[in-house]
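Examination of the molecular architecture
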Amino acid sequence: FTLETGAQYVITDVTNDFAVDNWEDSRWVNDPALTNVFDYNQKVLGVYTTGAYEGDKFGLKLGLRVENTDLSTLLVTTDVANRQQFTNLFPTAHTSYKVLDNLSLQAGYSRRISRPNLWDLNPFFNIRNNFSIRTGNPELMPEYTDSYEVNGIWDQGIFSLNAAVYYRYTTEVVENVATFENNVSISRPENIGTNRATGIELNGKVDAAEWWSLSGDFNYNYFQREGSFETLDFDFNADQWTGRVTNKFKLPADFDVEIITNYRSGFQTVQRDISGYFFADLGVRKKLMKGKTIINLSVRDVFASRIFEAETMQPNFYLYDYRLRGRFITLGVSYGFGKGEAMEFGGQKHF
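Our subject in this report is the structure included herewith. The shown structure was predicted, so the numbers you read here are calculated from the model rather than taken from an experiment.

An order of E20-E21-E24-E25 is seen for the 4 strands of this open sheet, with the pairing classed as antiparallel. Two strands bound the open sheet, and with one partner strand each, they are strand E20 (267–268) and strand E25 (317–324). In this structure, strand E24 (residues 307–314) lies alongside E25, joined through 8 bridges in antiparallel fashion. Residue pairing in the sheet places Ile307 in a bridge with Leu324 of E25.

Bringing a nonpolar patch on the surface into the picture now. The grouping of Trp154, Leu161, Val165, Ile200, Leu202, Phe218, Trp241, Tyr263, Phe278 and Phe303 at the surface amounts to a nonpolar patch, some 880 Å² of accessible area in total. Residue placement: Phe218 occurs in strand E15 (residues 212–226).

Further remarks concern the packing of aromatic side chains. Applying the stated criterion across every chain, the model contains 13 aromatic pairs. Measuring from centroid to centroid gives 6.1 Å for Trp211 and Trp212, while their planes differ by 25°, and the two rings are stacked. Among the residues examined, Trp212 registers a relative accessible area of 27% and is labelled partly exposed. Aromatic side chains Phe218 and Trp241 sit 5.8 Å apart centroid to centroid with 40° between the ring planes, which places their arrangement in the tilted category. In this pair, Phe218 is assigned in strand E15 and Trp241 in strand E18 (residues 236–251), connecting sequence segments 23 residues apart. Through pairs of rings, three or more aromatic residues link up here, namely Tyr109, Tyr148 and Tyr167. Above the ring of Tyr166, the side-chain terminus of Arg168 is found at 4.0 Å from the ring centroid.

What counts as what
Residues numbered from 1 in each chain as written. Predicted model: local features only at pLDDT ≥ 70, side-chain atom pairs only at ≥ 80, totals over all residues. Heavy atoms only, no water. Pairing = 2+ DSSP bridges. Helix = DSSP H or I, 4+ residues; strand = E, 2+ residues; numbered from the N terminus. Patch = residues over 30% accessible without salt bridge, like charges linked within 9 Å, V, L, I, M, F, W, Y side chains within 5 Å. Areas by Shrake-Rupley, 256 points an atom, 1.4 Å probe, with all protein chains shown as cover. Salt bridge = Lys/Arg side-chain N within 4 Å of Asp/Glu carboxyl O. Phe/Tyr/Trp six-rings, centres within 6.5 Å; stacked < 30°, edge-to-face > 60°. Buried < 20%, exposed > 50% of the residue type's maximum accessible area, 1.4 Å probe, protein only. Lys NZ or Arg CZ within 6 Å of the ring centre and 35° of its normal.

Here it is as structure tokens:
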């Protein structure tokens, strides 16, 4: 038996200073209509307790987390202020049973929260171009999800498989809603209704050889959306799936190569049909000086195929959105001093 309790207090205080200057009469002149300062302050206090029992075949873990959120925003330019304060309970329950030495079953329930970020709350216009504007919503509420899951884990040494069936019920679902006026589209996040998702998830790994390992992930879910916004109902059913395959190779001369391929299917939102896409990542790592120095080369989206396409089809307007993020190449070198080891720089963040 184990018992754990604790607390966490997280303060996020951000000021976003945004200015636009126009070149006029051989000098830069500030445009007050497109300049603003946005203050974002969020305090989250969480207190939790978990209790667990672990036997030879059976295990049980119960937990409860209490969170208090105090969020305030201020658009300084126009003196538009907003404040939200709320307290939530987040229970969890997980159990496991070992059927055989290499086979176990698990079941669990958890309640989670997904809070809107600074960009979702900032009410000032973000002008992508003269015809497309995005704005935040300072009254946006967080999403809440109740998640139920049953899964089995089979481990055969060189081969392992995890299969799960899940059901997730989400309230206050956040969706971007577009309006169209004077040949300009304005997109704004809104809380619209609920989402019920039922799906399966498979994760497998095989050590095909001493120098090669292969892993894969597959996730499919069918969801039901219910909700309304102003005078429009947004009830519909749709599905989505994603797949990922990772190959890792250990080559001579302390070279490691990793190839990751991903696919995300198209899916439907409240207003939009979003296309699917395929992309691949490549990573090469070389150890020097008995592992004290590591050189990492990372290529994200090798084929520049991560293309985002979305169509918004409404009775009185049609919008098409196309975005290509492009290929990222990152080179990193790390060195470990003393008895420390060099870090394995993944090159996942781009500035």
